[in-house]
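Reading the structure
Below are the chains, spelled out letter by letter.
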Amino acid sequence: MSPVASPDRASQKRDALLDAALELFAERGFHGTAVPEVAERAGVAAGTLYRYFDSKEALVNALYQREKQAFVESLRRDFPAQAPPREQFSELWKRLVTFALERPQAALFMELHHHGSYLDATSRALEEAAFAPVIAFVQRGQEQQALKPVEPMLLISLVYGAFTGMAKAALTGQLTLSPEALAIAEGCLWEAVRL
């Protein structure tokens, strides 16, 4: 009879698999990563992965949900909801930057995979929920005549698209994200969305 893993040990193995998958999916994408590579990077036997995840799709969804939840929490935690729109915009920018600098693989992974056909209904719902507070911020800013009166997702896409472009350029060494560069970018993006 084989010994049963303790809950702590099982959780450690699951986390090791998710961490290995994060590295590989951020580096090679979903389709470019094989299950045995994830197991090898995690330091477990290939069959072990299937004790925790039914398939590669289940693995990528569990990882996506873990990382997206952490991202959403970083945006929502103690957010100054009563501050003026300019201050809120600056705070959102700072939180985006902080998350990307502290967790570059997670930021890259989410950007690469947020439109993946392999994402399940739970992952897609989490993606929508992630944008809900940002849409609400834009709508409040528009009501206060601080932000341009256009489709909220248009303004969000402008800012987030610029942010992800900068983050990718920094990850590939094409751009140095100094505090000065980040402040200039934030100011330019505010000018792009403000009324």
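Let me begin by describing the structure that accompanies this report. (Residues numbered from 1 in each chain as written. Predicted model: local features only at pLDDT ≥ 70, side-chain atom pairs only at ≥ 80, totals over all residues. Heavy atoms only, no water.)

**Thoughts on the overall build of the protein chain**
When helices and strands are tallied, the protein chain shows nine helices and zero strands. For the protein chain, the N- to C-terminal ordering of α and β elements is α-α-α-α-α-α-α-α-α. Taken along its principal axes, the extent of the C-alpha atoms in the protein chain is 70 × 35 × 30 Å. Taken over 195 residues, the protein chain has a buried fraction of 42%. Put simply, 66% of the contacts in the protein chain that link residues at least 6 apart link residues at least 24 apart. (Helix = DSSP H or I, 4+ residues; strand = E, 2+ residues; numbered from the N terminus. Buried < 20%, exposed > 50% of the residue type's maximum accessible area, 1.4 Å probe, protein only. Contact = heavy atoms within 4.5 Å.)

**A short note on the side chain of Lys-56**
Note on placement: Lys-56 falls in helix H4 (residues 56–76). There is no salt bridge for the buried Lys-56, and the closest opposite charge comes from Glu-57, which lies 6.6 Å off by N-O distance. A polar atom in the side chain of Lys-56 sits 2.8 Å from the backbone oxygen of Phe-30. Sequence-distant contacts of Lys-56, that is, excluding residues within four places in its chain, are made with Phe-25, Phe-30, His-31, Thr-33 and Val-35. (Lys, Arg positive; Asp, Glu negative; His and termini not counted. Salt bridge = Lys/Arg side-chain N within 4 Å of Asp/Glu carboxyl O. Polar contact = N/O pair within 3.5 Å; in protein donor to acceptor, adjacent residues only side chain to side chain.)

**Some remarks on the packing of aromatic side chains**
Counted by the stated rule, this structure contains nine aromatic pairs. Within the aromatic cluster, the residues linked to one another by ring pairs are Phe-25, Phe-30, Tyr-64, Phe-109 and Tyr-118. The side chain of Lys-56 reaches across the aromatic face of Phe-30, ending 4.5 Å from its centre. (Phe/Tyr/Trp six-rings, centres within 6.5 Å; stacked < 30°, edge-to-face > 60°. Lys NZ or Arg CZ within 6 Å of the ring centre and 35° of its normal.)

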